[in-house]
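Survey of secondary and tertiary structure
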Amino acid sequence: MPANVAIIVPAAPGDIAWRVLLAQLQGANAKEICLVLAEGDETPVDMHASAFKVLHAPVGRPRQLNAGVAASTADWLWFLHADSVLTPATLAAMHEFVGWDEDAIGYFQLRFLDDGPRWMFLNAWGAALRSRLLGLPFGDQGLLMPRRVLHALGGFDEGIDRGEDHALVWTAHARRIPVRALGASLRTSARRYAEQGWWRTTWQHLCLTRTQAAEFSRQARARAAIERA
């Protein structure tokens, strides 16, 4: 029997990296696989399996993610970036975590493909440190959760241009929802670092993470305090 999970993959306009991922997902044994293209993106999708759904939503990752959630029916939700690359261990860990049926958010260990600078191992190390010590995995680590957990968190904030995944995790912390490392790795492209420069891109991400953490943590604590009052 397929796992009761919907795999939701939002794609930016013109991005076709999802073709590799969708080919891999044919062996995921999931109930649903939803590719969410941006409105106006007419890229042909040559996938005909019954589990696949292709839909369009207003451009923007949080809006596309929420549209994928609304179009799916599975009890579990797995959010993947279009340039994610899976391994057999990734899929095995996904199925195991779904089987536990815990009110928690799972994430994978980030690894980079060989399409970026040689220093990307430092970024992978930094992501592991951020996730393990601070409990802050990001969307490129394949956030996996029951639908009921996402509903309790209010879904992805469509008022945020960037960092909707970061904000969601802070909301989970404020509401005492556990964040679990799943052990297996999930690979993603490092092409942006190659195109824009390793140091520049890494520094921009560090600065943005610090700014978002201060803002999102404050907002999440304030909302949680109001709800408990």
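Scroll up a little and you will see the structure.
Computed from a predicted model, the values in this text were never measured in an experiment. (Residues numbered from 1 in each chain as written. Predicted model: local features only at pLDDT ≥ 70, side-chain atom pairs only at ≥ 80, totals over all residues. Heavy atoms only, no water.)

Details of the overall build of the protein chain
Our working definition: A helix here means a DSSP run of H or I that spans at least four residues, while a strand means a run of E at least two residues long, and both kinds are numbered starting from the N terminus. Note that the radius of gyration is over C-alpha atoms, with the globule rule given as 2.2 Å times the number of residues to the power 0.38. Under the scheme applied here, a residue whose accessible area is under 20% of the maximum for its type counts as buried, over 50% as exposed, and between as partly exposed, the area being computed with a 1.4 Å probe on protein chains only. What sets the accessible areas is the Shrake-Rupley method with a 1.4 Å probe; for residues, cover comes only from the shown protein chains.
The helix and strand inventory of the protein chain stands at 8 helices and 7 strands. A globule of 229 residues ought to have a C-alpha radius of gyration of about 17 Å, and the protein chain, at 17 Å, matches this closely. If you line up the protein chain on its principal axes, its C-alpha atoms span 50 × 45 × 35 Å. Within the span of the protein chain, comprising 229 residues, buried residues form 51% of the whole. Carbon together with sulfur atoms contributes 55% to the accessible area of the protein chain, which is approximately 11,300 Å² in total.

Focus on helix H4 (residues 120-134)
Rule in force here: Expected helix span is taken as 1.5 Å per residue step, with the number of steps being one fewer than the number of residues. Directions from the helix axis toward the C-beta atoms define the arc. Contact criterion: two residues are considered in contact whenever any of their non-hydrogen atoms come within 4.5 Å of each other.
Over its 15 residues, H4 extends 21 Å from the first C-alpha to the last, a length consistent with the 21 Å expected when each residue adds 1.5 Å. Those residues of H4 not exposed but buried are Met 120, Asn 123, Ala 124, Ala 127, Arg 130 and Ser 131. When H4 is viewed along its axis, its buried side chains cluster within an angular range of 125 degrees and face the same direction. Within H4, the exposed residues directed more than 90 degrees away from the buried face are Phe 121, Trp 125, Arg 132 and Leu 133. Where H4 is buried, its residues contact strand E5 (105-112), helix H7 (191-196) and helix H8 (198-228).

Observations regarding the packing of aromatic side chains
For the record, the criterion: Ring geometry is summarised as follows: Phe, Tyr and Trp rings, the Trp one being its six-membered ring, pair when their centres sit within 6.5 Å, and such pairs are stacked at plane angles under 30 degrees, edge-to-face over 60 and tilted between the two.
Per the stated rule, a full pass over the model turns up 9 aromatic pairs. Both rings, one in Phe 79 and one in Phe 156, keep their centres 5.0 Å apart while their planes meet at 85 degrees; by these two values the pair is edge-to-face. Here the residue Phe 79 occupies a position in strand E4 (residues 76-79), and Phe 156 occupies one in the loop between helix H5 (147-153) and helix H6 (164-174), the gap between them amounting to 77 residues. The exposure class of Phe 79 is buried, given its relative accessible area of 5%. When its relative accessible area of 5% is taken as the criterion, Phe 156 is described as buried. Look at Trp 199 and Trp 203: their rings are 5.9 Å apart centre to centre, the planes differ by 20 degrees, and that puts the pair in the stacked class. Within this pair, Trp 199 and its partner Trp 203 are both found in helix H8, separated by 4 residues, close to a single helical turn. In this structure Trp 203 comes out as partly exposed when scored by relative accessible area, which is 47%. Ring pairs connect the aromatic residues Trp 119, Phe 121, Trp 198, Trp 199 and Trp 203, which therefore count as one cluster.

Observations concerning unusual backbone geometry
Trans peptide bonds make up most of the peptide bonds, and negative phi angles are found at most residues other than glycine. In this model, Asp 101 sits at a positive phi of 55 degrees, which is unusual for a non-glycine residue. For Asp 101, the position within the fold is in the loop between helix H3 (88-100) and E5. Notably, Arg 176 is not glycine yet its phi reads approximately 60 degrees, a positive angle. Counting through the fold element by element, Arg 176 comes out in the loop between H6 and strand E7 (179-188).

Points about the nonpolar core
Stated formally: Definition used in this section: a nonpolar core is a set of buried Ala, Val, Leu, Ile, Met, Phe, Trp, Tyr and Cys residues joined via side-chain atoms within 4.5 Å.
Among the nonpolar cores identified, the biggest contains 34 residues, and Ile 8, Leu 77, Phe 79, Ile 105, Met 145, Leu 150 and Leu 153 are the most heavily contacted of them. In this structure, Ile 7, Ala 11, Ile 33 and Met 94 belong to the second largest nonpolar core, which totals 32 residues.

As for the pairing of strand E1 (residues 3-10)
Stated precisely, the cut-off is as follows: Between any two strands, at least two bridges found by DSSP are needed for them to pair. With the strands pointing away from the viewer, any crossover whose connection runs clockwise from the first strand over the helix to the second is right-handed.
Counting buried positions over the 8 residues of E1 gives 7, a clear majority of the element. Of the pairings in the sheet, the one linking E1 to strand E2 (residues 30-38) comprises 6 bridges and is parallel in character. By the bridge assignment, Ala 3 is partnered in E2 with Ala 30. Considered for its hand, the β-α-β crossover made up of E1, helix H1 (residues 18-25) and E2 is right-handed. Bridge count between E1 and E4: 4 bridges; the pairing is parallel. Counterpart to Ile 7 in the pairing with E4 is Trp 78.

Points about the layout of surface pockets
Inclusion rule: With a 1 Å grid spanning the protein atoms alone, the term cavity applies to any set of points in which a 1.4 Å probe fits but cannot get out, the term pocket to an open set with protein on both sides within 12 Å along at least five of seven lines, and the term lining residue to any residue with an atom within 4 Å of a point. Grid points are joined across faces, edges and corners, and a volume is the space filled by probe spheres set on the points.
Quantified by volume, the largest pocket comes out at close to 1,500 Å³. In terms of lining, the largest pocket is formed by 50 residues, of which the most central are His 81, Phe 138, Asp 140, Arg 192 and His 205. Put simply, the parts of the chain that give the lining of the largest pocket at least two residues each are helix H2 (61-71), E5, H4, H6, H7 and H8. Ranked by residue count, the leading element in the lining of the largest pocket is H4, at 8 residues.

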